[in-house]
Structure formats: C-alpha cells, structure tokens
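Reading the structure
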Amino acid sequence: MTIGIGVSKKQEGYIKSSLLILIAFATAFFPRIISSIGAPSPINFVHFAMVPLACGIVITTTRVKNKSQISVVKSIIIAVFILLAVMTASALLNQAGVINIFLALMLLGEPFILLVAILCIPVSSKNIKRLRIWITGFGCINIFLALAQHLLIQVGILKVTDMTREDNVQGVFYLSGAGHVVSASVSMSFGLYYFVSAKTAPMWLRCSVLGAAFMQLIFADAKQVLMVWLVAWLILILTKLKDIKVVIQYAIAALVVGFVLFWCIENLEAFRAFKTWMRPEIYGPNGEATLMKTAAFRIIPSYYKSLFNWLLGLGPGHTIGRLGGWMLKDYGDLLKPLGATIHPASEAVWSVWRGHWLDSSFFSPLWGWAAMWGDFGFLGLATYLYLCSIVWRRVCLDDFSKFLMLTVMIFGCIFTQMEEPGFMLSVASLIGLRWQDLKMMKQLRFQNTAYLGSNTNAEQVRNL
C-alpha cells in the first residue's frame, strides 16, 4: 500500500512538471496573437519570467536516476552559466545595464533552459504522450490560423496591414514584422515532427499535416524558409558521407524535390515570387546584396575602444541583435526606467538598411551570428557554439533533430530568428520531445529483449 501511494505521488509530480512546461511554452507561443486582439504589449515579456521559473521548478523537483540523462542536463546547464559569465564580462567592459544582461541571456539561452526541463522529465510513455499531444496541438493551431488568415484576406474580410497580403499570413505570430517567416518555419517544423513521430497515425493524415504546413509557406510567400530547408538538407547529406547508402537515398530525394520546385517556379503562378532573388548581379563581391549583408562587419569595429572588444564585443543589446535592433527601441518606455542601455552602433547599421530597395529580411545586415559577434565578440560566439555542440552531440539522436538544428544555424545567417522566442522554443521542444521518444523506444526494446531472453520456450518467443 505504501509503495502504491509513493508511485501515485511521483506520477502526480510528473504531471505537474508537464503542465508547467506547457504553460511556459504557451506564454512564448501565443502572446503575439493575444496582443493583436487588444492585450497590452508587455504580455510579450511574460515568458521571460515563466520559462525560467517553471523550468527551475521542474529541474529541482523531478528525480531522474538515469546517469546519461543527468550528465547531458548538467552539461547544458554549465554551458548556459558560462554564456552568462561571458555576457556579464561584456556588459562590464561596455557599461551595459543589468537588464540588458538578463534579456540577452533569455533571448539566447531560453531555448536551452526549456530543453533542459524537457530532458529532466523521466522517460515515460504517459508523460511524453501528454506533452506531444499538447505541443503538436499548438503547432496545428498555428497552421489553422495561418490558412484561415489567407482565406479571410482573399475574400476581403480580414484587413491587410501596411505589409503585403502574403506577409499578413502569420498564424499565432500575427502583426509582427517577420511573422510570416517565423510562422511558416514553425509550422513546417511541427509538420515534419508529426510526420516522423506519429507512427500510429495513418499515412494520409501525416502527409496532410505536412502538406498544410507547406501550403501555409506558399501562401505566406516565405521563400527563405524553403531555401533554409534545402540548404539544411544538403548539409545533412554531407554529414552522412560515411554511410553511402543513406547519402544516395537523401541525394535522390533532394534531386527530385529540387526538380519539382524548379518546375513549379517556372510554371505555377503561386511560386513566381521565388524568382525575386534570382539576380546574379547583386551577389558579387561588390554587389549591393553582399555589401548590405556584410555592413555590420565594417561598422561595428569602428566603435571598438580596445582589443578586448574583439573578444567581448560592444555589450549585450548594443549592436544588431533582436535586443539592440528592436526591443530596446520598441519597448524603451518600459525598459529604460529599468536601466536598459543603448549604443550608437545599432542605429549606424540600421541607417544602412532603412529605406533601401533591398528591404527583404533576406538581405538584412541585422542577423543572428553577426549580432552575437557584435554583442559578445569572438568569445561569446565560441561559447554559444559550444552550447550548440552539446545539443548536437548528445541530444540530437537522429536526422530529424539534427535537421532542425541545422535550420536554426542557417536562419542565423539571414535574420534574427535565432532570438525569436516562439520559433526557438518550438524547435527546442521538438528536439526535446524527439529525444524522449527515442529514449523511450530504446527502453521498450531493452525491456522486450530482456523478456525474450528470460523465456526459453521457442513457441512463446514466436507468439510474442
């Protein structure tokens, strides 16, 4: 009886942990759509408190006995603290505000904190099933809202903002600057996860979910998402060079997809927008796109005051990241009284892009890796790469998870999507869920093998 009660209490604790993770994720996933219907804009900051709070409770209350699980969690936590130390050193060197440090840490470290919380949940089919259902359900809501927005725009019911009609297809990220790209990338990630993980669902349903996500991408004219996926696919193929069979399979699939896409671009009106970037003259060494994209590397060093700036940058939020490029300006009334600091380097880079005819985010000089280098220097860049390498080596156990990691890395070369909470927490949750899925399958195989090994009756083995 005592043992039964103990198990019940543990299971109740696990349920609470799952619920806390879902609430924390929801506070980062839905604030834009809630804000668009009248909620105050500070709702976009709620997740900065909820994610570390909820995940801190999960980490300190769950009792995991698996040594491998404990080891990977500790490695990520230590790396996050190293990142915090580098950010603090950069802030001290450049006299940045304490609130700058906190916001910068959350924008870059929040996905890893959520990932740690998911990894802390003991491997259990009931717990993982609950998380999977709710989080994939959030993804389906995003797809549904985006498709509904497209339909309502076409019939004239939904009012179009000052962006293009396609840019207004943003799902739960409605009325945000690059919401159509963020929403499409999130939908495609959820669609692929459902296709890979929902083995018991009929194939037509799995294909329909992924197909609906792809239709959203087309309706939103999110060209860069498709490009990122193709490049990530090619890089994934290169990581498989030791397995010739897999390389051939992936290469054939890539060729087929590439041929179909090329045909669609040339023959279907819905794909004609993909020709926008096909201008070879702007990509040369002195091309306008090249000069625009690399502007930060010419401007930011002009503000360096010592050699230490090469190592630690200009400080958190002082250059071209999401914090320095947008948040400190858009939410200045809220953040400046808290001690937030700004730097002229941000405006200097902005002035190059503002009003330019290459106004697509694809050509923006404000992009993730450059922003990380600008804020935290080469030391901060190396620390973040080390953190990513831990996830790649120890959490990404299959091609799906590695593919998602690659998409994040490539998005970092385009815009500031590496610091978009809705996108990054979605990727982190899917990688965490996939890790749990694979660990659970391995555990079940081990249990079945142990059971079969304990039965010497051949007829019993055949029946199983």
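Figured I'd write up the structure that's included with this text. (Residues numbered from 1 in each chain as written. Predicted model: local features only at pLDDT ≥ 70, side-chain atom pairs only at ≥ 80, totals over all residues. Heavy atoms only, no water.)

**With respect to the nonpolar core**
As a reminder of what qualifies: In these notes, a set of buried Ala, Val, Leu, Ile, Met, Phe, Trp, Tyr and Cys residues joined through side-chain atoms within 4.5 Å is what counts as a nonpolar core. The rule is simple: take the accessible area with a 1.4 Å probe, protein chains only, and divide by the maximum for that residue type; under 20% is buried, over 50% is exposed, in between is partly exposed. Per the convention used, a helix needs a DSSP run of H or I reaching at least four residues, while a strand needs a run of E reaching at least two, with both numbered from the N terminus. Whether two residues are in contact is decided by their heavy atoms: any pair within 4.5 Å suffices.
If you look at the biggest cluster of nonpolar residues, it comprises 135 residues, and the most contacted ones within it are F29, I76, V225, Y384 and V395. Among the elements that line this core, the one with the most residues is helix α5 (residues 98-120), at 17 residues. Not counting residues up to four positions away in its chain, the partners in contact with V395 are V72, I76, L115, L119, I390, I431 and W435.

**Let's talk about a nonpolar patch on the surface**
Stated formally: Candidate patch residues must exceed 30% relative accessible area and have no salt bridge, after which like charges are joined if within 9 Å and Val, Leu, Ile, Met, Phe, Trp or Tyr side chains if within 5 Å. Areas reported as accessible are Shrake-Rupley estimates using a 1.4 Å probe. Residue values count occlusion only from the protein chains shown. Salt bridge, as used here, is a side-chain nitrogen of Lys or Arg placed within 4 Å of a carboxyl oxygen of Asp or Glu.
A cluster of nonpolar side chains, I244, I248, I252, V256, F259 and V260, forms an exposed patch at the surface whose accessible area comes to about 600 Å². Tracing the backbone through its elements, the reader meets V256 in helix α10 (residues 244-267). Looking at V256, the relative accessible area reads 48%, which means it is partly exposed.

**So, the packing of helix α7 (residues 179-197) against helix α8 (residues 203-219)**
Spelled out, the test is: Helix axes are fitted only over the stretch in contact, all axes being lines through C-alpha atoms; the angle between N-to-C directions runs from 0 to 180 degrees. Note on terminology: angles under 35 degrees are roughly parallel, angles over 145 are roughly antiparallel, angles of 65 to 115 are roughly perpendicular, and the others are oblique. Throughout this entry, Asp, Glu, Lys and Arg are counted as charged residues, while Ala, Val, Leu, Ile, Met, Phe, Trp, Tyr, Cys and Pro are counted as nonpolar. The remaining residues, Gly among them, count as polar.
Running from amino to carboxyl end, α7 crosses α8 at an angle of 170°, the nearest separation of the two axes being 8 Å. Comparing the axis directions of α7 and α8 gives the class roughly antiparallel. Taken together, the residues of α8 that come into contact with α7 (itself represented by S183, A184, S187, M188, G191, L192, Y194 and F195) are M203, L205, R206, C207, V209, L210, A213, F214, Q216 and L217. When its residues are assigned to classes, the contact of α7 with α8 shows 13 nonpolar, four polar and one charged.

**A word on the pattern of salt bridges**
Taken as a whole and assessed by the stated rule, the structure comprises seven salt bridges. We note a salt bridge from E347 to K329, for which the minimum N-O separation is 3.5 Å. Pair noted here: E347 is in helix α16 (residues 344-353) and K329 is in helix α14 (residues 322-330), with a separation of 18 residues, a long-range link. Of the residues examined, E347 reaches a relative accessible area of 35% and is grouped as partly exposed. A relative accessible area of 39% means that K329 is categorised as partly exposed. A salt bridge links R354 to E347; the shortest N-O distance between them is 2.8 Å. Here R354 falls in the partly exposed class, since its relative accessible area comes to 45%.

**Thoughts on the packing of α7 against helix α18 (residues 399-411)**
Packed helices, taken two at a time, are described by their axes: the angle between them and the distance between them. Relative to each other, α7 and α18 sit at 170°, their axes nearing to 11 Å. Judged on the interaxial angle alone, α18 and α7 are roughly antiparallel. In this structure, α7 contributes V181, S185, S189, L192, Y193 and V196 to the contact, and α18 contributes F400, F403, L404 and F411. Its residues assigned to classes, the contact of α7 with α18 comprises eight nonpolar, two polar and no charged.

**Some words on helix α17 (residues 368-394)**
Applied cut-off: To estimate how far a helix should reach, multiply one less than its number of residues by 1.5 Å. At every residue, the bend is computed as the angle between two fitted axes, covering the seven residues ending there and the seven beginning there respectively.
Taking 1.5 Å of rise per residue, the 27 residues of α17 would be expected to cover 39 Å, yet its terminal C-alpha atoms sit only 24 Å apart, more than 12% below that figure. If you look at α17, its biggest bend is around 120°, right at F376.

**With respect to the environment of S197**
To be explicit about the condition: N or O atoms closer than or at 3.5 Å make up a polar contact, with two conditions inside protein: a donor-capable atom paired with an acceptor-capable one, and, for residues adjacent in sequence, both atoms drawn from side chains.
Position of S197 among the secondary structure elements: in helix α7. The sequence separation of S197 and L438 amounts to 241 residues, and the corresponding C-alpha distance is 9.6 Å. In this structure S197 touches R132, R434 and D437, once residues within four positions along its chain are discounted. Only 2.7 Å separates the side chain of S197 from the backbone oxygen of Y193, close enough to count as a polar contact.

**Points about the side chain of S429**
Examined against the element boundaries, S429 turns out to sit in helix α19 (residues 421-453). A polar contact is formed between the side chain of S429 and the backbone oxygen of S426, at a distance of 2.7 Å. The contact partners of S429, leaving out residues within four places of it in the chain, are F25, L114, I118 and I135.

**Overview of α5**
When the local axis directions of α5 are compared, the greatest deviation, roughly 55°, occurs at G109, which is followed within four positions by the proline P111. When you tally the buried positions in α5, you get 21 out of 23 residues, the bulk of the element.

**Notes on the packing of aromatic side chains**
Formally: To pair, rings of Phe, Tyr and Trp, with the six-membered ring standing in for Trp, must have centres within 6.5 Å; the planes then decide the type, stacked if under 30 degrees apart, edge-to-face if over 60, and tilted in the middle.
Evaluation of the coordinates by the stated rule reveals 26 aromatic pairs. A ring pair is formed by Y193 and F400, whose centres lie 5.7 Å apart and whose planes are at 45°; its orientation type is tilted. Here F400 lies in helix α18 and Y193 lies in helix α7, a separation of 207 residues in the sequence. Using a relative accessible area of 0% as the deciding quantity, one classes Y193 as buried. Between W310 and F378, the ring centres sit 6.5 Å apart and the planes meet at 10°, which makes this aromatic pair stacked. Separated by 68 residues along the polypeptide, W310 in helix α13 (residues 308-312) and F378 in helix α17 bring together distant segments of the chain.

**Overview of unusual backbone geometry**
Phi at Q95 takes a positive value of approximately 55°, unusual for a residue other than glycine. Relative to the assigned elements, Q95 resides in the loop between α4 (67-94) and α5. The exposure class assigned to Q95 is exposed, which follows from its relative accessible area of 69%. At D221, a position not held by glycine, the phi torsion is positive, near 55°. With respect to the element layout, D221 can be found in the loop between α8 and α9 (223-238). The exposure class of D221 is buried, given its relative accessible area of 18%.

**Focus on the state of the cysteines**
What counts, and what does not: By convention in this document, the label disulfide applies to cysteine sulfur atom pairs within 2.5 Å.
Under the counting rule described, the total for this entry stands at zero disulfides. No disulfide involves C396; its sulfur sits 9.5 Å from that of C388, the nearest cysteine. Judged by its relative accessible area of 3%, C396 is buried.

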